[in-house]
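Chain and residue survey
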Amino acid sequence: MSAASAGPELSPAFFARSVHEVARELIGYRLLFDRVGGTIVETESYERDDPACHAYVGLTKRTEVLFGPPGRAYVYLSYGIHSLLNFVCEPAGEAAAVLIRALEPTDGLGEMRARRGPKHADTELCNGPGKLTEALGITLAQNDTDLSRPPFEILPPPGEPPELVASRRIGITKATEKPWRFSAAANRFVSRPRP
DNA sequence: CCTGCGATTTGCT
DNA sequence: GCAAATCGCAGGC
């Protein structure tokens, strides 16, 4: 366990370490956006020297957020449709991020259904990186914004963090062998069953 | 239960 | 010009 959280507020220093460490520790934390959100149950880590990471190509207009200071949101458009939320990690000049892949909804289920559609079961509201941003109302407007300030709120687990499972990352074609997908064991809100 | 496909935009080659 | 860190729906078993 690391640390450092004196108050309920999560400081940028939390993100200024190994992206894989942060990705593991985030499981069990609560993520809220405008008071809507839930417990993080699935993450993936991407590092600079990683062919699957956007920063692999170096510094461009798109990746400058990744090369910037830790503790910011990196939001980009996937398949022209979905906004995917990442937390920028490691000191400025490095380039790494944690992709938030699934939440167990705890707050604002009504608003989530208003955005996602009324017929979704609880387990289908936030069980995917594109689904959770839609449920929370996160868009490209949040790219390069500060995670330690409203409307973002990231809170440590109230008790013991859940047991972790590491497996291969999903939906990528490069560096698929890396075990950098982390999820809460036996949790029904993950995006897909683990191997 | 599972597999296949279209949607729709951006960023880099 | 095309691949992409996805999703929902259709259709088959």
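In this text the structure is predicted, and so the values were computed from the model without any measurement.

What follows deals with the protein's contact with DNA strand B. Looking at DNA strand B, the residues that line it are Thr60, Arg62, Leu77, Tyr79, Gly80 and Ile81. Take the atoms of DNA strand B that sit within 4 Å of the protein: sugar and phosphate atoms are 53% of them. In the environment of DNA strand B, a phosphate oxygen lies 2.3 Å from a nitrogen or oxygen atom belonging to the side chain of Thr60. Residue composition of the surface near DNA strand B, grouped by class: three nonpolar, two polar and one charged.

This paragraph deals with the protein's contact with DNA strand C. Close to DNA strand C lie 19 residues; Tyr76, His82, Asn86, Arg116 and Gly171 are nearest. Counting only the atoms of DNA strand C within 4 Å of the protein, the fraction contributed by sugar and phosphate is 55%. At 2.6 Å, a side-chain N or O of Arg116 approaches a phosphate oxygen of DNA strand C. Note that a phosphate oxygen of DNA strand C is positioned 3.2 Å from one of the backbone N or O atoms of Lys131. Going through the elements one at a time, β3 (73–78), β4 (82–89), β5 (96–107) and α4 (129–136) are the ones with two or more residues in the surface near DNA strand C.

This part takes up the nonpolar core. Counting 39 residues, the largest nonpolar core has Leu31, Phe87, Ile100 and Leu136 as its most contacted members. When residues of this core are assigned to their parent elements, the largest contribution, five residues, is made by β5. Excluding anything up to four places from it in sequence, Leu31 contacts Val36, Gly37, Gly38, Ile40, Leu85, Phe87, Ile100, Leu103, Leu136, Phe152, Glu153 and Ile154. Core analysis: the second largest hydrophobic core is formed by 15 residues, Ala52, Val65, Leu99 and Ala175 among them.

Most peptide bonds adopt trans geometry, and most residues besides glycine take a negative phi value. Note that the residue after Pro150, namely Pro151, is joined by a cis bond; omega there is 5 degrees. With respect to the helices and strands, Pro151 occurs in the loop between α4 and β6 (152–155). Of note, the phi angle at Glu90 is positive, near 70 degrees, even though the residue is not glycine.

Averaged over chain A, the pLDDT score is 94; the fraction of residues at 70 or greater is 95%. Contacts from residues 2–6, a stretch scored under 50 in pLDDT, to residues over four places away or in other chains number three contacts.

So, about the pairing of strand β7 (residues 164–167). Only one face of β7 is buried, namely the one carrying Val165 and Ser167, since none of Leu164 and Ala166 on the opposite face is buried. Pairing geometry for β7 and strand β8 (residues 181–184), over four bridges, is antiparallel. Opposite Val165, over in β8, you have Ser183 as the bridge partner.

Turning our eyes to something else, we now look at the pattern of salt bridges. A side chain with one charge may pair with a side chain of the opposite charge, provided their charged atoms come close. Across all of its chains, the model carries 13 salt bridges by this definition. Between Arg169 and Asp50 there is a salt bridge, with the nearest N and O atoms lying 2.8 Å from each other. With Arg169 in the loop between β7 and β8 and Asp50 in the loop between β2 (36–46) and α2 (64–67), this residue pair connects regions lying 119 residues apart in the sequence. Where Asp122 meets Arg113, a salt bridge forms, and the shortest distance between an N and an O atom there is 2.6 Å. By relative accessible area, Asp122 is classed as partly exposed at 38%.

Before going further, it helps to examine helix α1 (residues 19–26). Along an α-helix, a turn takes 3.6 residues, which lines up residues three or four apart on a common side. Burial in α1 covers these residues: Val19, His20, Val22, Ala23 and Leu26. Taken end-on, α1 shows its buried residues confined to a sector of 160 degrees, consistent with a single buried face. Positive backbone phi, at 105 degrees, marks Gly28, one or two positions downstream of α1.

Calculation rules
- Residues numbered from 1 in each chain as written.
- Chains lettered and ligands numbered in written order.
- Predicted model: local features only at pLDDT ≥ 70, side-chain atom pairs only at ≥ 80, totals over all residues.
- Heavy atoms only, no water.
- Near = heavy atom within 4 Å.
- Polar contact = N/O pair within 3.5 Å; in protein donor to acceptor, adjacent residues only side chain to side chain.
- Nonpolar A, V, L, I, M, F, W, Y, C, P; charged D, E, K, R; others polar.
- Helix = DSSP H or I, 4+ residues; strand = E, 2+ residues; numbered from the N terminus.
- Core = buried A, V, L, I, M, F, W, Y, C linked by side-chain atoms within 4.5 Å.
- Buried < 20%, exposed > 50% of the residue type's maximum accessible area, 1.4 Å probe, protein only.
- Contact = heavy atoms within 4.5 Å.
- pLDDT = per-residue confidence, 0-100.
- Pairing = 2+ DSSP bridges.
- Salt bridge = Lys/Arg side-chain N within 4 Å of Asp/Glu carboxyl O.
- Arc of directions from axis to C-beta.

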